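Each chain, written out:
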Amino acid sequence: MENSEHCKTAVVGFGNILMGDEGVGVYIIEELQKNYSPLTTCHSLEFIDGGTAAVDVLLSLKDVDKLIIVDAVKNGGIPGEIYRFHNPLRGQVFTIPYEDKFSQFRNSEMQKTSLHDLNLVDALKIAEKLGTLPKEIVFIGVEPKEIEPRMGLSEELGNKIPEIIKTVLCEVKQ
């Protein structure tokens with residue numbers, strides 16, 4: 001519904017739950033689905049577990065106006081630190097040439113590769129070229145402590161889940 005009165009928002013959590021803190025986005029989506037699903041009935045809102053399938057998920061969001069991405073980001077901060085990037089791929093915020101729009105993410109090691117999919121930056125580039133990127137994108141990154149083969153989050157990130165969820169819900173309401 002392109003002419004819908006309501007802005008459709010998708011919150012997508014990316015990550016690999018088999019790699020410790022790398023799965024933070026997926027764990028956040030699980031919490032949102034478990035505790036905040038009534039929000040989806042009164043708002044045009046969807047919580048999506050993107051796992052490691054960035055391209056598939058991003059290309060399926062054609063009717064979404066606002067995309068909120070939650071993922072682990074190595075940016076040199078303290079574990080659990082929350083980063084927010086608003087419209088990171090659009091000239092509205094970054095007035096740099098097209099080829100350099102994604103350099104901020106390369107520098108912050110936002111590129112993530114799995115054996116099954118492209119990294120998030122490449123997936124966003126593909127969606128942009130195909131014209132399927134939502135009008136507004138908010139990226140909520142969380143500094144990981146441990147990215148290694150194991151299930152579950154580190155204690156530092158586990159303790160930050162309420163704050164991360166609060167950050168996501170604030171973005172949903174805007």
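Since the model is a prediction, treat every value here as computed from it, not as a measurement.

Each value, and the rule that gives it
Residues numbered from 1 in each chain as written. Predicted model: local features only at pLDDT ≥ 70, side-chain atom pairs only at ≥ 80, totals over all residues. Heavy atoms only, no water. Pairing = 2+ DSSP bridges. Helix = DSSP H or I, 4+ residues; strand = E, 2+ residues; numbered from the N terminus. Axes fitted to C-alpha atoms, helices over the stretch in contact; angles between N-to-C directions. Contact = heavy atoms within 4.5 Å. Salt bridge = Lys/Arg side-chain N within 4 Å of Asp/Glu carboxyl O. Expected span 1.5 Å × (residues − 1). Buried < 20%, exposed > 50% of the residue type's maximum accessible area, 1.4 Å probe, protein only. pLDDT = per-residue confidence, 0-100. Parallel < 35°, antiparallel > 145°, perpendicular 65-115°, else oblique. Left-handed = near helix turned anticlockwise from the far one by under 90°.

A. Expanded view of the sheet that holds strand β3 (residues 66-72). Judged by pairing direction, the sheet is mixed, and its five strands sit side by side in the order β2-β1-β3-β5-β4 without closing on themselves. Every other strand in the sheet has two partners, leaving β2 (45-51) and β4 (82-86) as the edge strands with one partner each. Pairwise comparison of adjacent strand axes, ignoring direction, gives a mean angle of 15 degrees for this sheet. The strands touched by helix α1 (residues 24-35) within the sheet are β1 (9-14), β2, β3 and β5 (136-142), with β1 carrying the most contacts at an inclination of about 135 degrees.

B. View of the pattern of salt bridges. For the coordinates displayed, the defined rule picks out nine salt bridges. A salt bridge links D65 to K135, with the shortest nitrogen-to-oxygen separation between them at 3.6 Å. Pair noted here: D65 is in the loop between α3 (54-59) and β3 and K135 is in the loop between α5 (120-129) and β5, with a separation of 70 residues, a long-range link. Note that E146 and R150 form a salt bridge whose closest N and O atoms lie 3.0 Å from each other.

C. α1, seen in detail. Over its 12 residues, α1 extends 16 Å from the first C-alpha to the last, a length consistent with the 16 Å expected when each residue adds 1.5 Å. Buried residues of α1: V24, G25, V26, Y27, I28, I29 and L32, and no others. Residues of α1 that are buried sit in contact with β1, β2, β3, β5 and α6 (155-173).

D. Region of the structure containing the confidence of the model for the chain. Averaged over every residue, the pLDDT of the chain is 81; the share at 70 or more is 78%. Of all helices and strands in the chain, the one with the weakest mean pLDDT is helix α4 (residues 103-107) (47), whereas α1 scores best (97). Counting interchain partners and residues more than four positions distant, the pLDDT-below-50 stretch residues 90-104 has 25 contacts.

E. Quick peek at the pairing of β3. Among the seven residues that make up β3, seven are buried, leaving the element largely enclosed by the rest of the structure. Both faces of β3 are covered, namely the face carrying K66, I68, V70 and A72 and the face carrying L67, I69 and D71. Pairing between β1 and β3: five bridges, direction parallel. Counterpart to T9 in the pairing with β3 is K66.

F. View of the pairing of β2. In terms of burial, β2 is a largely internal element, five of the seven residues being buried. Relative to β2, β1 runs parallel, the two being bridged by six bridges. Note on β2: the bridge partner recorded for G13 is D49.

G. Structural detail: the packing of α1 against α6. Running from N to C, α1 and α6 point in directions that differ by 65 degrees, and their axes come no closer than 10 Å. In terms of their interaxial angle, α1 and α6 are classed as roughly perpendicular. Relative to α6, the crossing made by α1 is right-handed. For the pair α1 and α6, contact is made by V24, I28, E31 and L32 and by L157, I161, I164, I165, V168 and L169, respectively.

H. Fine view of the environment of E31. Mapped onto the secondary structure, E31 falls in helix α1. We classify E31 as partly exposed; its relative accessible area is 23%. For the pair formed by E31 and I161, sequence separation is 130 residues and the distance between their alpha carbons is 8.6 Å. Look past the residues within four positions of E31 in its chain and what remains in contact with it is Y36, I161 and I165.

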